[in-house]
Amino acid sequence: MEQNTGKFRKGNRIQSVSHSRQDRNKGDRGSIVRRPDSATSLLGRGERDEEVVGISGWLVPWEEWQHSRAAFNHDWLKNHYLLALEAFLNVLDDLVENQELVQEFVSRLLPEWELRRAQVVDLAERFAISMSPKALFSTQPLLNCAPSERDCLGLVADAIWREHYPVQRWEKDLREAISGVDNAYSALRHSLELGNDTKTVPVLRESRAAFRAFRNACSHLAQAVEVLPGTLEIL
Amino acid sequence: MISEKLPRLLIVDDLFGRQLPDGRINEDRAHLCGHFLLRDVTGDESSRTAKQIIKRPIAEVVFLRGQKPVCALPGDHVENDLEGTMRRIREGWDHGPDRWALVLLDLCFYTGRVGNNENHPGMPAGRSGDSNPSSYFGLSILESLHRELPNLPVVILSSKPRESASRAYAELGALGFLARADDKSRDQLIDFIWRHGLIPDDRREIIGTSKPLLLALRAARRAGADQRNVLILGERGTGKELLARYLHRSGAAGKDRPLVMVDSGSLSPTLYASELFGYRRGAFTGADRNHVGKIAQAHGGDLFLDEVGNMPGDVQAGLLRVLEHNSVTPLGSNVADEANVRFLSATNEDLEGKAATGGFRQDLLDRLREGGSVFLRPLRERLEDLEPLAEAFVRQAERANPNAIRRIIEPEALDVLRSHSWPGNLRELRSCIFNAVFNYADVEHLMPVHLQIDRAGTELHVAPGREAWPRPIETKFDDALAAIAGFEFDNIRPADIVGQLYKAETAYAHFQVGLLRAALMLTRRRTLDSPEGELLIHPAVKLLTGDRAMPGSKAADIVKRILGHSTSVKIAALEDPVLRSAYEKAIRLRPSSSRKKRVAKHAGGER
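Analysis parameters
- Positions within a chain are numbered from 1, following the residues in the order the chain's sequence is written.
- As a convention, the first chain written is A and the first ligand written is 1, with the rest following in written order.
- The predicted nature of this model means local features are confined to residues of pLDDT at least 70 and side-chain atom pairs, given and counted, to a pLDDT of 80 or more, with totals for whole chains, interfaces and linings taken over all residues.
- For the purposes of this entry, the term helix denotes a DSSP run of H or I that reaches at least four residues, the term strand denotes a run of E that reaches at least two, and both are numbered from the N terminus.
- Burial is judged by counting the other C-beta atoms within 10 Å of a residue's own C-beta: 20 or more makes it buried, 12 or fewer makes it exposed, and any count in between marks it as partly exposed, with every C-beta position built from the backbone.
- Placing C-beta atoms from the backbone, we regard two residues as in contact once those atoms come within 7 Å.
- Only strands that DSSP links by at least two bridges are regarded as paired with each other.
- Every residue gets a pLDDT, meaning the predictor's confidence in that residue, from 0 to 100.
- For this classification, the nonpolar set comprises Ala, Val, Leu, Ile, Met, Phe, Trp, Tyr, Cys and Pro, the charged set comprises Asp, Glu, Lys and Arg, and every other residue, Gly included, is treated as polar.
- Only C-alpha atoms enter the line fits that serve as axes; for helices the fit covers just the stretch in contact. Angles between N-to-C directions range over 0 to 180 degrees.
- An angle counts as roughly parallel when it lies under 35 degrees, as roughly antiparallel when it exceeds 145, as roughly perpendicular when it falls between 65 and 115, and as oblique in every other case.
- Two helices that cross are described as forming a left-handed crossing if the nearer one is turned anticlockwise from the farther one by less than a right angle, and a right-handed crossing if clockwise.
- To estimate how far a helix should extend, the number of its residues minus one is multiplied by 1.5 Å.
- Structurally, a nonpolar core is described as a collection of buried Ala, Val, Leu, Ile, Met, Phe, Trp, Tyr and Cys residues joined by way of C-beta atoms within 7 Å.

Colleague: How would you summarise the overall build of chain A if you had to cite specific residues and measurements?
Modeller: Counting its secondary structure elements, chain A contains eight helices and three strands. Across the 235 residues of chain A, 42% fall into the buried class. Here the contacts in chain A between residues at least 6 apart in sequence split such that 69% fall between residues at least 24 apart.

Colleague: Now, about the sheet that holds strand 6 (residues 77-80) of chain B: what can you tell me, with residues and values included?
Modeller: All names here are of chain B. In spatial order, the strands read 5-6-8; together these three strands make up an open sheet with antiparallel pairing. At either margin of the open sheet sits one strand with a lone partner, and together these are strand 5 (67-68) and strand 8 (112-113). As defined by bridge partners, strand 5 adjoins strand 6 across two bridges and the pair is classed as antiparallel. Counterpart to glutamine 67 in the pairing with strand 6 is asparagine 80.

Colleague: Break down unusual backbone geometry for me, with residues and values.
Modeller: Residues and elements named next belong to chain B. Here lysine 68 and proline 69 are connected by a cis peptide whose omega angle stands at 0 degrees. Among the secondary structure elements, proline 69 is positioned in the loop between strand 5 and strand 6. Positive phi outside glycine occurs at glutamate 307, with the angle close to 50 degrees. Residue classification places glutamate 307 among the buried positions, given that 20 C-beta atoms sit within 10 Å.

Colleague: Could you give an account of the confidence of the model for chain A, with specific residues and numbers?
Modeller: Looking at chain A, the pLDDT average stands at 74 and 71% of residues meet or exceed 70. For residues 1-57 of chain A, every residue scores under 50 in pLDDT, and the model assigns this stretch 129 contacts once sequence neighbours within four places are set aside.

Colleague: Now, about the interface of chain B and chain A: what can you tell me, with residues and values included?
Modeller: Across the contact, 35 residues belong to chain B and 35 residues belong to chain A. Looking at the side of chain B that touches chain A, the elements with two or more residues in it are helix 2 (27-36), strand 3 (53-54) and strand 8 of chain B. Per element, the largest residue contribution to the side of chain B that touches chain A is five residues, and it comes from helix 2 of chain B. Among the residues forming the side of chain B that touches chain A, the class breakdown is ten nonpolar, 14 polar and eleven charged. Pairing of strand 3 (residues 96-97) of chain A with strand 3 of chain B involves two bridges; the strand directions are antiparallel. Counted as the bridge partner of Glu97(A) is Ile53(B) from strand 3 of chain B.

Colleague: I'd like a description of the packing of helix 2 (residues 61-92) of chain A against helix 8 (residues 208-226) of chain A, backed by residues and values.
Modeller: Residue and element names in this part refer to chain A. Look at helix 2 against helix 8: their axes get within 10 Å of each other, and the N-to-C directions meet at 155 degrees. What the angle tells us is that helix 2 and helix 8 run roughly antiparallel. Crossing geometry of helix 2 relative to helix 8 is assigned as left-handed. In this structure, helix 2 contributes Arg69, Phe72, Asn73, Leu77, Lys78, Tyr81, Leu82, Leu85, Glu86, Leu89 and Leu92 to the contact, and helix 8 contributes Arg208, Phe211, Arg212, Arg215, Cys218, Ser219, Leu221, Ala222, Val225 and Glu226.

Colleague: I'd like to hear about helix 5 (residues 137-148) of chain B, residue by residue, with values.
Modeller: Working note: α-helix, 3.6 residues per turn, so residues spaced by three or four point in the same direction. All names here are of chain B. With twelve residues, helix 5 should reach 16 Å at 1.5 Å per residue; the first-to-last C-alpha distance of 17 Å fits that figure. Looking at helix 5, one finds that the buried residues are Phe137, Gly138, Leu139, Ile141, Leu142, Leu145 and His146. Residues of helix 5 that are buried sit in contact with strand 1 (8-12), strand 6, helix 4 (82-94), strand 7 (100-105), strand 9 (154-158) and helix 6 (166-171).

Colleague: Could you give an account of the sheet that holds strand 18 (residues 342-347) of chain B, naming the residues involved and the relevant values?
Modeller: All names here are of chain B. Spatially, the five strands line up as an open sheet ordered 12-15-18-11-19, and their pairing is parallel. The open sheet is flanked by strand 12 (259-263) and strand 19 (373-376), the only strands paired with a single partner. Along the sheet, successive strands turn relative to each other by an average axial angle of 15 degrees, direction set aside. One ladder, built from four bridges, connects strand 11 (residues 230-234) with strand 18; its direction is parallel. Note that in strand 18 the partner of leucine 231 across the bridge is serine 345.

Colleague: Explain the environment of Leu331(B) to me, using residue names and the numbers behind them.
Modeller: Residues and elements named next belong to chain B. Here leucine 331 is to be found in the loop between strand 16 (327-328) and strand 17 (337-338). In sequence terms leucine 331 and glycine 293 are 38 residues apart; their C-alpha atoms lie 9.5 Å from each other. The contact partners of leucine 331, leaving out residues within four places of it in the chain, are Ala273, Ser274, Phe277, Tyr279, Arg280, Ala283 and Phe284.

Colleague: Tell me what's going on with the nonpolar core, and back it up with residues and numbers.
Modeller: Cys218(A), Leu221(A), Leu9(B), Val103(B), Ile232(B), Leu243(B) and Ile295(B) are the most contacted members of the largest nonpolar core, which has 148 residues in total. Beyond its immediate stretch of four places on either side in the chain, Leu221(A) contacts Leu77(A), Val120(A), Ala177(A), Ile178(A), Gly180(A) and Val181(A).

Colleague: Outline the packing of helix 21 (residues 501-522) of chain B against helix 23 (residues 552-563) of chain B, supporting the account with residue identities and numerical values.
Modeller: Residue and element names in this part refer to chain B. Running from amino to carboxyl end, helix 21 crosses helix 23 at an angle of 135 degrees, the nearest separation of the two axes being 9 Å. Of the possible angle classes, the one that applies to helix 21 and helix 23 is oblique. For the crossing formed where helix 21 meets helix 23, the hand is left-handed. Facing helix 21, whose interface residues are Gln512, Val513 and Leu516, helix 23 presents Val559, Ile562 and Leu563.

Here is the structure:
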């Protein structure tokens with residue numbers, strides 16, 4: 001981790017982002033982040049390899065945020081976690097027989113939410129910073145403006161952006177969706193603790209309503225993340 | 001809703017189509033199958049070793065990565081494979097019962113170097129263009145499919161936002177969008193299979209899996225989805241009544257609704273109105289009691305009007321009133337009864353032409369096909385179905401004749417059946433098979449010798465009632481001409497022909513090549529030196545054109561023009577020794593200008 005250069009490489013995305021956000025405040029190229037190395041990343045596909053990077057091997061903030069979103073929402077939540085949940089619910093509904101999934105779901109797959117939660121929280125926190133047109137003033141060519149002009153024009157661009165788009169509502173919906181998943185997860189965990197064996201279908205079936213509520217909350221979260229804009233809008 | 005033989009889907013998707021090394025299971029794929037209730041029949045290691053059992057699968061599925069290598073290790077580079085993908089799709093589209101019912105196509109395919117991706121092992125990190133909606137690889141595949149296999153039903157299966165490429169995939173003929181991880185997506189998939197999929201009749205009342213039949217069944221399901229009237233077109237004996245029954249039971253509300261059948265051909269003009277509209281006692285001489293007409297019987301359901309082209313003019317006017325007012329007034333009554341009826345009409349006539357000449361009311365025709373027309377192709381255009389049909393008819397005949405023993409249909413007999421053009425269609429085939437079984441009840445093998453398919457005789461023998469009239473003997477050539485002349489462009493969507501008219505031109509060019517070859521063979525001059533006959537292009541072209549005064553040079557030009565229509569036509573034609581010989585003769589007679597120059601130059605050099 002290159003903590004003092006305003007860029008990051010390798011390792012945990014969340015830590016990296018945290019550093020990059022700190023570094024952005026330091027000016028210069030602080031807002032341009034080095035691409036993470038997918039070969040050692042935890043998140044996988046959302047982190048594209050070197051051919052992705054637009055400007056001399058550096059990701060601008062909105063690209064970096066989009067990649068983080070893709071890694072969380074497209075790669076993990078929709079194509080991995082929700083699919084596993086749907087398949088598991090069908091096991092509980094006796095439509096599918098999959099002993100392996102029954103054995104592993106509660107111990108291995110379900111807790112992935114605890115590991116991934118921080119990523120979506122981070123996405124929510126960074127959304128307005130990364131996707132506001134204000135971010136343009138921290139990258140070339142607007143980076144060449146005088147600092148006072150950058151600050152002033154950046155604030156104006158940000159205000160207009162917030163006026164034109166329901167930014168606050170998006171952020172609020174996303175935060176609520178995250179806490180919705182948290183609540184459903186806690187309720188599910190609580191329900192599972194009441195059962196004496198979480199590796200048999202009849203016992204798991206007693207928590208079917210809680211599983212379904214958790215699936216619905218995850219599905220709602222996926223929509224709340226998806227609805228956020230995919231491009232940086234220049235008004 | 002879906003037949004015992006499960007529909008076969010193809011999912012083209014980089015994530016689910018990939019294989020993992022060392023026989024590991026593609027867990028994502030197993031979860032997708034568990035979510036949609038699909039039975040994985042891909043045949044790779046992952047599908048063989050998966051221990052998941054889908055108890056009530058809605059379909060079988062084959063997964064295709066669309067990229068190479070299919071199984072990638074860390075450090076490998078994964079690239080999109082359009083050619084290989086198209087080849088695999090073609091293979092599954094051209095071959096019979098396991099034909100793709102529906103293709104589910106991913107949009108975004110990730111390429112590049114494979115890293116250590118814990119969630120999705122074997123997946124590359126992706127390049128910048130991969131996730132750009134304007135350059136999705138899925139759209140490239142869709143474009144190729146749209147151009148080459150326009151009848152193949154394709155639905156987008158993606159976890160990307162649908163609006164990211166909705167215009168592009170709609171323009172390229174995709175029939176819908178299916179979100180992967182949505183709790184409603186399984187029901188949506190079942191609906192897509194039903195509405196867009198090419199699936200056979202679940203009750204096997206209509207037998208066959210050929211593309212023309214499956215397309216007709218799909219059209220019937222779509223038309224049957226609402227309560228608008230449908231017109232069924234097709235030659236006699238193609239199974240229009242069976243299709244009407246299929247359409248009736250395919251509708252969402254078809255379960256308990258009545259289906260009333262009217263064979264208009266069997267009704268005399270005087271009886272037609274009274275049968276259809278009903279009558280009150282005393283309405284006419286002999287009407288000694290009230291009679292409920294067919295329309296009133298069908299209230300709340302469907303009325304099948306066979307041979308609707310035979311309907312007398314006054315009945316047409318009465319039926320139009322029924323359609324306009326949703327009520328029917330029996331003969332001899334002043335009171336109209338409610339008649340909420342869907343009309344399923346059938347004809348083997350050119351009703352449009354008949355309407356143009358005043359033989360049928362145009363306004364009634366428009367009403368009768370407001371929900372669309374379904375065209376049943378003749379048997380000769382779906383010979384792929386001949387074997388299962390023959391098999392089914394043999395079994396029916398054996399059941400109908402207690403003395404008949406069970407037999408197998410020998411390949412030679414099938415060859416004979418396939419070589420016939422079946423102007424009487426399924427009815428003629430059924431009769432031919434029944435005759436074979438009844439006349440030769442005590443044999444275990446159905447052989448060519450058992451089949452009576454003399455065309456004119458068979459027709460006279462099998463066709464009941466009004467269809468037993470003798471008609472001129474038809475040939476395959478007549479069939480071809482009729483198919484070309486009678487091809488209707490009315491129901492073709494603009495998207496189906498835009499940019500494809502060159503295909504019609506090429507097909508016509510091949511047709512002309514075939515004609516030329518036939519003429520060449522017919523006009524061969526047999527001599528002692530050449531018992532097989534010498535090929536002569538001049539008489540062949542005269543025969544083709546009917547121009548007896550045509551000079552030989554012009555005939556040579558025509559041969560050159562037919563065979564040289566395009567490179568593809570020329571290459572295919574010149575593989576045939578007869579056509580190659582004709583072409584060489586034509587070139588000798590009429591060398592091209594560049595060739596003439598070369599010859600002249602060569603001759604000058606010699607001088």
